[in-house]
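Below are the chains, spelled out letter by letter.
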Amino acid sequence: MNTGQLISGLAHVGLIGVAVFGGAFRAEPLPFEVTEVTAISAEEYAALIAQPEPDALATIATPEPPDAGETAVETPVEDAAPSAGQSALPELAPPDNAPEPVSEPAPPQPPEDVAVLVPDRAEEATPQPAPRVAPEAVAQPEPDVEIDDVDRQASEADATAETPAPDEPETAREAASTRIVTEAERAEAAAPTQSVRPKPRPSAQPPVEAETPSETETAETSPATDSVDAALAEALGGATEPAGGQETRAAQGPPLTAGEKDGLRIAVQECWNVGALSSDALSTTVVVAVSLGEDGRPMANTIEMIDATGGTTASARQAFEAARRAIIRCGARGYDLPVEKYASWRDIEMTFNPERMRIK
Amino acid sequence: MTKMILSLLTALMVVCAPALAAQEQGDRDGPLRIEITEGVIEPLPYAVPDLVAETAQASEYAANIARVIASDLSGTGLFREIPQNAHISRVTNFSSPVQFADWRAVNAQALITGGVSVDDAGRLVVRFRLFDVFAGQELGEGLQLVGTTTSWRRIAHKMADQVYSRLTGEAPYFDSRVVFVSETGPKDARQKRIGVMDYDGAGATYLTDASSIVLAPRFSPGGDRILFTSYESGFPKIYVMDVASATRQELQTQQGTMSFAPRFSPDGRTIVYSLSTGGNTDLYSMDIATGQSRRLTSAPSIETAPSFSPDGQQIVFESDRSGSPQLYIMPAQGGEAQRISFGQGRYGTPVWSPRGDLVAFTKQSKGRFHIGVMRTDGREERLLTASFLDEGPTWSPNGRVIMFTRETQGETGQAGLYSVDITGRNLRQVPTQTGASDPSWSPLLN
């Protein structure tokens, strides 16, 4: 017997076994119902079917007529809501001293600032017109909230802290649409023109620590010949060591999770403004290398373009400069990355691919 | 057999395991890699403090030049000025180091500084620099411009052009002019004159009086001549005017015919126009030097509104040969035309983009007028505006902006000029002293 016959035989035996013991030929049982019954005595049966005497009803206390006010307001009848002046229990004679029925209050009207009109064609939600087009819509902030790149709650001075935190105004990101809406695409008269303004989004950025110098403070302490390089070097000077020294000191933790990577990506794209780029630059993908300090701030002098595809030298320069601004601006307060994984995110290569931004 | 299979599997694992381990190790040892595919589209914040007046005579220009630069940049919709009262730093010396931290604090991403002086010869000398604030670097080299004191607006436009090009990568367009028809008086007795102004509506001058109706002026590629149609003789006739001297000359066409809708070829030697005779309108071209005309179309339908492609090889025009006005493209020497518009509605006044990739047009659909753009093969049609009456688009020299006529409804309706970015954003009215229509954008001035 050769190997092929052996394998074939084993397979057939297995198949037959599965069919027989696996229930392939077993018919499904017909559906049936089980009803529980209880044996009772003849006396119990007689008691069950015995009709109550008519005078038994007389012993039931007649409910007192409800107050006139309740009659008007409560509407226990499901099928037909009582109209104005109609009693909820018309078969009961109202007591002599009952006041005149009170008209049922009119249903509450929607507040004036609630949009109730619906466009005729609502197949696609029309984005709120806004000068800012972003991957996700940002709610319109309250009028007295300062526009900033991040949402931040107004801070209050902490008396228990050694160094009171400077008072910072509440900020919110500028309202943003998700795509460009031209005049020709705007909805016409049937569309609502006003709606309730939603509250600002909850803070996504932790409040700045009291020890962290603000942007302005850093600026004030910079020398006269200040530059981003000098400012960042100064800011990072006390907290970090040169890259060589960090390698031995940095914790060798696990790699970043997908969520942590997404957080970094979202943080950078919030500042990646391609609105002023030419169409050529919007066809250019650049890869930018950057090193971060342990506090998550980018070191400006490490930002460099290591690759560019899809455009000219000039358009690559525009694309790189936009990417560099994004990295520095949104990293000014430090990216929110786990310090125990510093070795994983100290050196980053960011690919800025504007393909999806061309048609916005 | 089983041993063989097990051996193979073991060998495969032995071979692959180091590779997988190396890849994982590489991922951990190499830089973190992320891809950014979503960004934001919003105006870029910039600051332009008043220029430093380096001589007493220059003080009146220091603020004015800064304001024109700011108007140019903010007018594109691509930039947003940080108000001067929010500035922390004061630029008192053109050569002083820039306090980048102060400008970062007000979220200025670009900074323009400059100095202005009047030299001994009475010339205006302007120097300026552009900085990337967050990178702490100067962008490009500083520039110096010299001109007469009366040309300070042009100097400001040129400065803004440099900044715009450096930041966006687009070709400039601020230092350009627009010829248009000035309209005054009621609708039933409107007086029309040909005017020329800066692209932003400033410095308007008038080249004709209101004695006869004038229509559709068009700049030559060099910006030194203007073609227009006039009813001076009772019939519409085409004239060419020298802008500098305002002298004009009628282009001779067939007697007893009506000629209109002229436009220059890219080399400026030929014009293409419509000629109506015997109730039929066709396209013709004319060599300006010799006056020789050539018929380009011969169909019983109406062919009009021709416009050359930037390379001069093709002409896009409007024809109702299919039953309703649509857009067609044919060789510049005439020949078979190919229809490019297929949407619902009526298409007209096509104009080829200076970049060559788009055609702007007027569209009438469902009782409204639109300005739109489409690819030269008819794909990707996009309507940019919608109103009671929008018509007559013209391209900016860099092909990024379209200017057009918008007329309001009713007896008191007035025509005005508007501009819109080709993305459909930044719709703005161009300020004019009177009602205005039929704009034609000049090339970038020298």
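Just so it is clear, the structure is predicted and the values come from calculations on it, not from any experiment. (Residues numbered from 1 in each chain as written. Chains lettered and ligands numbered in written order. Predicted model: local features only at pLDDT ≥ 70, side-chain atom pairs only at ≥ 80, totals over all residues. Heavy atoms only, no water.)

### Re the overall build of chain B
Part 1 of the argument: Scanning chain B from terminus to terminus reveals four helices and 32 strands.
Part 2 of the argument: The C-alpha radius of gyration of chain B comes to 28 Å, more than 25% above the 22 Å expected for a compact globule of 446 residues.
Part 3 of the argument: Dimensions of chain B, computed from C-alpha atoms along their principal axes, come out at roughly 100 × 85 × 45 Å.
Part 4 of the argument: Residues counted as buried form 53% of the 446 residues belonging to chain B.
Part 5 of the argument: Taking the intrachain contacts of chain B between residues at least 6 apart in sequence as the baseline, contacts between residues at least 24 apart amount to 44%.
Part 6 of the argument: Entry remark: accessible area of chain B is about 19,500 Å², with carbon and sulfur atoms responsible for 50%.
Part 7 of the argument: Here chain B holds 41 positive side-chain charges and 47 negative ones, and the gap between their average locations is 3 Å. (Helix = DSSP H or I, 4+ residues; strand = E, 2+ residues; numbered from the N terminus. Rg over C-alpha atoms; globule rule 2.2 N^0.38 Å. Buried < 20%, exposed > 50% of the residue type's maximum accessible area, 1.4 Å probe, protein only. Contact = heavy atoms within 4.5 Å. Areas by Shrake-Rupley, 256 points an atom, 1.4 Å probe, with all protein chains shown as cover. Lys, Arg positive; Asp, Glu negative; His and termini not counted. Charge placed at Lys NZ, Arg CZ, Asp CG, Glu CD.)

### Examining the state of the cysteines
In protein structure, a disulfide is the covalent linkage between the sulfur atoms of two cysteines.
Residues and elements named next belong to chain A.
Part 1 of the argument: Here the structure, examined in full by the defined rule, presents one disulfide over all chains.
Part 2 of the argument: Between the sulfur atoms of Cys 271 and its disulfide partner Cys 330 the distance amounts to 1.8 Å. Around the S-S axis, the bridge from Cys 271 to Cys 330 shows a dihedral of about 75 degrees and counts as right-handed. Taken together, the residues Cys 271 in the loop between helix 7 (258–269) and strand 3 (285–291) and Cys 330 in helix 8 (residues 313–330) connect sequence positions 59 residues apart. With respect to class, Cys 271 is no different from Cys 330; both count as buried. (Disulfide = S-S within 2.5 Å.)

### Topic: the environment of Pro354(B)
Part 1 of the argument: Relative to the helices and strands, Pro354(B) resides in the loop between strand 24 (346–352) and strand 25 (358–365).
Part 2 of the argument: In this structure Pro354(B) touches Pro310(B), Trp395(B), Ser396(B), Pro397(B) and Gly399(B), once residues within four positions along its chain are discounted.

### Points about the pairing of strand 24 of chain B
All names here are of chain B.
Part 1 of the argument: The element strand 24 is largely enclosed, with a buried count of five among its seven residues.
Part 2 of the argument: Across five bridges, strand 24 lies against strand 25 in antiparallel orientation. Looking at the pairing, Arg 346 lines up with Gln 364 of strand 25.
Part 3 of the argument: Here strand 24 hands over to strand 25 after five residues, with Gly 356 in that stretch at a positive phi of 90 degrees. (Pairing = 2+ DSSP bridges.)

### A short note on the pattern of salt bridges
Part 1 of the argument: For the structure shown, the criterion picks out 34 salt bridges over all chains.
Part 2 of the argument: Two residues, Arg33(B) and Glu349(A), come together in a salt bridge whose shortest N-O distance is 3.3 Å. Here Glu349(A) lies in strand 5 (residues 347–352) and Arg33(B) lies in strand 1 (residues 32–36), a pairing that spans two chains.
Part 3 of the argument: With a relative accessible area of 18%, Glu349(A) lands in the buried category.
Part 4 of the argument: Linked through salt bridges whose partners overlap, the residues forming this network are Asp357(B), Arg375(B), Asp377(B), Arg379(B) and Glu380(B). (Salt bridge = Lys/Arg side-chain N within 4 Å of Asp/Glu carboxyl O.)

### Here we look at the domain arrangement of chain B
Residues and elements named next belong to chain B.
Part 1 of the argument: Under the domain assignment, chain B is made up of domain 1 (2–168) and domain 2 (177–441).
Part 2 of the argument: With ten residues of domain 1 at the contact, the number on the domain 2 side is nine residues.
Part 3 of the argument: For the pair domain 1 and domain 2, the summed buried surface comes to about 740 Å²; carbon and sulfur atoms form 35% of the total.
Part 4 of the argument: Our count for the contact surface shared by domain 1 and domain 2 stands at two salt bridges.
Part 5 of the argument: A salt bridge links Arg 153 to Asp 200, with the shortest nitrogen-to-oxygen separation between them at 2.7 Å.
Part 6 of the argument: Inspection of the domain 1/domain 2 interface yields seven residue pairs in polar contact (both at pLDDT 80 or more).
Part 7 of the argument: Those elements giving two or more residues to the side of domain 1 that touches domain 2 turn out to be helix 2 (59–75) and helix 4 (152–168). (Domains from an automatic or database assignment. Buried area = accessible area lost by both parts, 1.4 Å probe. Polar contact = N/O pair within 3.5 Å; in protein donor to acceptor, adjacent residues only side chain to side chain.)

### Points about helix 4 of chain B
Residues and elements named next belong to chain B.
Part 1 of the argument: If you check helix 4, its first and last C-alpha atoms are 24 Å apart, about what 17 residues at 1.5 Å a residue would give, namely 24 Å.
Part 2 of the argument: In terms of burial, helix 4 is largely enclosed, as 13 of its 17 residues are buried.
Part 3 of the argument: Gly 169 sits one or two positions beyond helix 4 and adopts a positive phi of about 85 degrees. (Expected span 1.5 Å × (residues − 1).)

### Here we look at helix 8 of chain A
Part 1 of the argument: In this model, helix 8 of chain A (18 residues) spans 26 Å end to end at C-alpha, consistent with the 26 Å of a helix rising 1.5 Å per residue.
Part 2 of the argument: Burial within helix 8 of chain A is extensive, with 15 of its 18 residues counted as buried.

### Some remarks on the packing of aromatic side chains
Residues and elements named next belong to chain B.
Part 1 of the argument: Taken as a whole and assessed by the stated rule, the structure comprises 17 aromatic pairs over all chains.
Part 2 of the argument: Seen from their ring centres, Tyr 46 and Phe 79 are 6.2 Å apart, and the 90 degrees between their planes marks the pair as edge-to-face. Of the two residues, Tyr 46 sits in strand 2 (residues 44–47) while Phe 79 sits in strand 4 (residues 79–81), which places them 33 residues apart along the sequence. Comparing Tyr 46 with Phe 79 shows no difference in burial state: the two are buried. (Phe/Tyr/Trp six-rings, centres within 6.5 Å; stacked < 30°, edge-to-face > 60°.)

### Description of the environment of Gly136(B)
All names here are of chain B.
Part 1 of the argument: In this structure, Gly 136 sits in the loop between strand 6 (123–132) and strand 7 (137–138).
Part 2 of the argument: For Gly 136, a relative accessible area of 17% translates into the label buried.
Part 3 of the argument: For the pair Gly 136 and Phe 100, spaced 36 residues apart in the sequence, the C-alpha separation amounts to 6.3 Å.

### Focus: the sheet that holds strand 22 (residues 326–331) of chain B
Residues and elements named next belong to chain B.
Part 1 of the argument: Here we have four strands laid out as an open sheet, ordered 20-21-22-23, and antiparallel in their pairing. If you trace the sheet from one side to the other, it starts and ends with strand 20 (303–308) and strand 23 (338–339), each paired once.
Part 2 of the argument: With four bridges joining them, strand 20 and strand 21 (residues 314–319) adopt antiparallel strand pairing. Paired with Ser 307 across the strands is Val 316, a residue of strand 21.

### Some words on the packing of helix 2 of chain B against helix 4 of chain B
Geometrically, a packed helix pair is captured by the angle between its two axes and the distance between the axes.
All names here are of chain B.
Part 1 of the argument: In contact at an axis separation of 8 Å, helix 2 and helix 4 are set at 45 degrees when each is read in the N-to-C sense. Taken together, the axis directions place helix 2 and helix 4 in an arrangement best described as oblique. Remark: the crossing between helix 2 and helix 4 carries right-handed chirality. Where helix 2 approaches helix 4, its residues Tyr 61, Asn 64, Ile 65, Val 68, Ile 69, Asp 72 and Leu 73 are matched on the opposing element by Trp 152, Arg 153, Ala 156, His 157, Met 159, Ala 160, Val 163 and Tyr 164.
Part 2 of the argument: Within the contact of helix 2 with helix 4, the residues separate by chemical class into eleven nonpolar, two polar and two charged. (Axes fitted to C-alpha atoms, helices over the stretch in contact; angles between N-to-C directions. Parallel < 35°, antiparallel > 145°, perpendicular 65-115°, else oblique. Left-handed = near helix turned anticlockwise from the far one by under 90°. Nonpolar A, V, L, I, M, F, W, Y, C, P; charged D, E, K, R; others polar.)

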